[in-house]
Amino acid sequence: MQTIEQKYEELGRILHEMDRVVVAFSGGVDSAFLLKAALEFLGPERVLAITADSETYPVREKEEAILLAKELNAPHEVIHTSELDIPGYAENPTNRCYFCKNSLFEHLIPIAEKKGYHHVIFGAIADDLGEHRPGLQAAHDQGVRAPLLEAGIKKSEIRHLSRQFGLRTWDKPSFACLSSRIPYGEAITALKLSMIDQAEDFLIQLGFRQVRVRQHENLARIEVPAADLPEVLAVAETVHAKLKEIGYAYVTMDLKGYRSGSLNEVLSPDQQSVHAETV
């Protein structure tokens, strides 16, 4: 079994082989670590971070990505995309993430080619292979690579190394696009995405770091870690009033607490196995 140091060394070998890279940079734990590693191994003259700003990307995350790229002294561009303009995306099929990632890569690849970068890379990790990740198939189809996954690096190892390297994202809560809060088959609209963004931002302002507001038509289902449930109940009236103001008819709490990809729990085993092990 490889040590964490050996995996990081392998990551360096992979990046050196790529030579010049465009990093799909959301500002999350994984993409921040990938950007840091690319800068360390290749130098800023051979790295370009690109952040895609769209309806599914909260303003607070974009601002955080811009600030983080500046702190790392990384060449950085923000481009504007629209998932809702992608045919089939708004219908919210179970492979929705395929459409999103495929469109993202279709934007990034021409930029990389025009500016003389040899590869587009993104922050998929070893843990992703066991989950419902249609985006991995999109990367495989587009020839986009995932160096962290190729090096066998897991989330816990990324957090450990990020802390060691002084990255403040080392303990940042996991994040996924706002569309992941809407059950498959329910239409994704700009209004719903805005409501979710406002609701989660309010809860974050109250001090809850790991939070999801799952939207079931006009009902908001709040997920926070189980240990935080009493704290939400303590401000229940305030939360209820704010989310009603945002536009929800009903506000509920999930008693099981936060868990990544909870909306995938209704998928069949065959649907959940959609991922690309060849990436």
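Quick notes on the rules
- The written sequence of each chain sets the order in which its residues are numbered from 1.
- Per-residue local features are limited, in this predicted model, to residues with pLDDT of at least 70; the limit for side-chain atom pairs, both in listing and counting, is 80 or more; totals at the level of whole chains, interfaces and linings are taken over all residues.
- With hydrogens and water stripped out, all remaining heavy atoms of the structure feed into the side-chain values.
- Three labels apply to residues, based on accessible area from a 1.4 Å probe with only protein chains included: buried if under 20% of the type maximum, exposed if over 50%, partly exposed otherwise in between.
- Helix numbering and strand numbering both begin at the N terminus, where a helix is a DSSP run of H or I of at least 4 residues and a strand a DSSP run of E of at least 2.
- A contact between two residues is defined here by any heavy atoms of the two lying within 4.5 Å.
- UniProt positions are given in the numbering used here, feature names are shortened, and annotations may be inferred rather than shown by experiment.
- Each nonpolar core is a collection of buried residues, namely Ala, Val, Leu, Ile, Met, Phe, Trp, Tyr and Cys, held together in the definition by side-chain atoms within 4.5 Å.
- A strand pair is defined by DSSP finding two or more bridges across the two strands.
- An axis is simply a line fitted to the C-alpha atoms; with a helix, the fit covers only the stretch in contact. Between two such axes, the angle follows the N-to-C directions and lies from 0 to 180 degrees.
- Our angle categories are set so that under 35 degrees counts as roughly parallel, over 145 as roughly antiparallel, 65 to 115 as roughly perpendicular, and the remainder as oblique.
- Each crossing gets its handedness from the near helix: less than a right angle anticlockwise from the far helix is left-handed, clockwise is right-handed.
- Here the term charged refers only to Asp, Glu, Lys and Arg, the term nonpolar to Ala, Val, Leu, Ile, Met, Phe, Trp, Tyr, Cys and Pro, and the term polar to all other amino acids, Gly among them.
- A helix is expected to span 1.5 Å multiplied by its residue count minus one.
- Between the rings of Phe, Tyr and Trp (Trp by its six-membered ring), a pair exists once the centres lie within 6.5 Å; its type follows the angle of the planes, with under 30 degrees stacked, over 60 edge-to-face, and the other angles tilted.
- Our definition puts a charge over a ring when NZ of Lys or CZ of Arg is within 6 Å of the ring centre and also within 35 degrees of the ring normal.

Participant: What is the right way to look at helix 5 (residues 134-142) in this model?
Facilitator: Because an α-helix completes one turn every 3.6 residues, residues spaced three or four positions apart along the sequence face the same direction. Listed in full, the buried residues belonging to helix 5 are Pro-134, Gly-135, Leu-136, Ala-138 and Ala-139. The elements touched by buried residues of helix 5 are helix 4 (96-115) and helix 6 (147-150). The first or second residue beyond helix 5 is Gly-143, which carries a positive phi of 75°.

Participant: So what exactly am I meant to see when it comes to the UniProt feature "domain: NAD/GMP synthase" (unreviewed entry) in the protein here?
Facilitator: The residues that UniProt annotates with the feature "domain: NAD/GMP synthase" (unreviewed entry) are residues 18-80. Secondary structure content for residues 18-80 is 44% helix and 25% strand, and the end C-alpha separation is 26 Å.

Participant: Would you mind going over the nonpolar core with me for this structure?
Facilitator: Side chains of a nonpolar character, in soluble globular proteins, are inclined to be buried together. Counting 34 residues, the largest nonpolar core has Leu-11 and Leu-35 as its most contacted members. Elements represented by at least two residues in this core include exactly helix 1 (4-18), strand 1 (21-24), helix 2 (29-42), strand 2 (47-53), helix 3 (59-71) and helix 7 (155-164). Counting residues per element, this core draws most heavily on helix 2, at 9 residues. Beyond its immediate chain neighbours, meaning those up to four positions away, Leu-11 contacts Phe-33, Ala-37, Pro-147, Leu-148, Ala-151 and Ile-153. Within the second largest apolar cluster, 24 residues are counted, among which are Ile-182, Val-213, Leu-243 and Tyr-248.

Participant: Would you explain the sheet that holds strand 7 (residues 250-253) in this entry?
Facilitator: Hydrogen bonds along the backbone pair up the strands of a sheet, which may run parallel or antiparallel. Across the sheet, 3 strands lie side by side as 5-6-7; this open sheet has mixed pairing. Looking at which strands have only one partner, the edges of the open sheet turn out to be strand 5 (212-216) and strand 7. This sheet shows a mean twist of 25° between the axes of neighbouring strands, independent of strand direction. In this sheet, strand 7 lies alongside strand 6 (residues 219-223) in parallel orientation, the contact comprising 4 bridges. Each residue of the ladder has a partner; that of Leu-219, found in strand 7, is Tyr-250. Strand contacts of helix 8 (residues 190-205): strand 5 and strand 6, with the helix running at about 150° to strand 5, the strand carrying the most contacts.

Participant: I tried to follow the packing of helix 1 against helix 2 on my own but got confused; where do I start?
Facilitator: For any two helices packed against each other, one specifies the crossing angle of their axes together with the interaxial distance. Where helix 1 meets helix 2, the axes come as close as 10 Å, and the angle between the chain directions of the two elements is 70°. Relative to helix 2, the element helix 1 lies roughly perpendicular. When the axes of helix 1 and helix 2 are compared, the crossing they make is right-handed. Contacts between helix 1 and helix 2 involve Tyr-8, Leu-11, Gly-12, Leu-15 and His-16 from the former and Phe-33, Ala-37, Ala-38, Glu-40, Phe-41 and Leu-42 from the latter. A per-class count over the contact of helix 1 with helix 2 returns 8 nonpolar, 2 polar and 1 charged.

Participant: Honestly, helix 8 in this entry has me stumped. Any pointers?
Facilitator: Look at helix 8: 22 Å from first C-alpha to last across 16 residues, which is about the 22 Å you get at 1.5 Å a residue. Residues of helix 8 that are buried make contact with helix 3, strand 5, strand 6 and helix 10 (236-246). A positive backbone phi angle near 110° is found at Gly-207, which sits one or two residues after helix 8.

Participant: Mind showing me how you'd approach the packing of aromatic side chains here?
Facilitator: What characterises a pair of aromatic rings is the spacing of the ring centres plus the angle enclosed by the ring planes. Applying the stated criterion across every chain, the model contains 6 aromatic pairs. Ring centres 5.0 Å apart and planes at 45° place the aromatic pair Tyr-8 and Phe-41 in the tilted group. With Tyr-8 in helix 1 and Phe-41 in helix 2, the pair connects residues that are 33 residues apart, well separated along the chain. Taking the centre distance of 6.4 Å and the plane angle of 90° together, the rings of Tyr-98 and Phe-99 count as edge-to-face. These aromatic residues form a ring-pair network of at least three members: Tyr-8, Phe-33, Phe-41 and Phe-165. One cation-aromatic arrangement involves Arg-20 over Tyr-117; the distance from NZ or CZ to the ring centre is 4.5 Å. One residue, Arg-163, lies across the ring of Trp-170, its end atom 4.3 Å from the ring centre.

Participant: Before we go on, may I ask you to explain the environment of His-119 in this structure?
Facilitator: Looking at the element boundaries, His-119 is found in strand 4 (residues 119-121). Separated by 51 residues in sequence, His-119 and Trp-170 place their C-alpha atoms 26 Å apart. Apart from the residues lying within four places of it in its own chain, the contact partners of His-119 are Met-18, Arg-20, Val-21, Val-22 and Arg-145.

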